[in-house]
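Survey of secondary and tertiary structure
Now for the letters of each chain:
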Amino acid sequence: NEGKALYFTIEHPTEDITSEMYSRNWDVDSLIEKKQWEFFDAYTIRSNIRKGVAGPKNFLDSLLSYSKKLSEEIWSIMDTFSYYILNYENKEIMEIVDDIIARARENGGLQFLLVVEGMLEEQTITNLAHLTDGLFRFNLDESQSDVIGVIRIDKLRKVDYVTRIIPYRITETGLTIETSVHIG
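Residues numbered from 1 in each chain as written. Predicted model: local features only at pLDDT ≥ 70, side-chain atom pairs only at ≥ 80, totals over all residues. Heavy atoms only, no water.

So, the sheet that holds strand 1 (residues 5-9)
Taking strand neighbours across the sheet as the criterion, the four strands line up as 2-1-3-4 in an open arrangement whose pairing is parallel. With one partner strand each, in any of the chains shown, strand 2 (37-41) and strand 4 (110-113) form the two edges of the open sheet. If you compare each strand with its neighbour and ignore which way they point, the axes differ by 15 degrees on average. As paired strands, strand 1 and strand 2 are joined by five bridges and run parallel to one another. The partner of Phe-8 across the bridge, within strand 2, is Phe-40. (Pairing = 2+ DSSP bridges. Helix = DSSP H or I, 4+ residues; strand = E, 2+ residues; numbered from the N terminus. Axes fitted to C-alpha atoms, helices over the stretch in contact; angles between N-to-C directions.)

Next comes the structure, spelled out in structure tokens:
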């Protein structure tokens, strides 16, 4: 794939994410070298705030800087967006989300905001779903002999839709969807 990806990390150091990718035999170095993969390190900013080295405004500024990087066709993911919602004013955050989504649409990109299940009120999830093009919930089903992930698609823009539940696996080539059903 010749697309570009921007991974905004809040929860984990980039080294941990890279290590996880290596453990799945993903060729991270090649992606970074070809400028197909870039990290946006907000984890360090968050750590500096906890240590008292930086103030909370630095973290909000990082979200605004991230939004400005979405000026081209790029797939981006924010891991995890829950932190912003829990620590900043909802209205202010939702305005930035609106800007991120508008930039993604304008430039042909795709934006994923990851939230941790159970951390946010359902009203907040509904507000996010209203602003975004889709609402996907990822969970792991450990009841199987093999751990299988389950994607629940609650909303998908421009599609007459009913909720779908789709199994997936994480493989050496990425996320592998385990269905023959048309998704959207």
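A closer look at the pairing of strand 3 (residues 75-79)
With five bridges connecting them, strand 1 and strand 3 associate as parallel partners. Considered in strand 3, the bridge of Ala-5 is made with Trp-75. Here strand 3 pairs with strand 4 via four bridges, running parallel. Bridging from a neighbouring strand, Ile-77 pairs with Phe-112 of strand 4.

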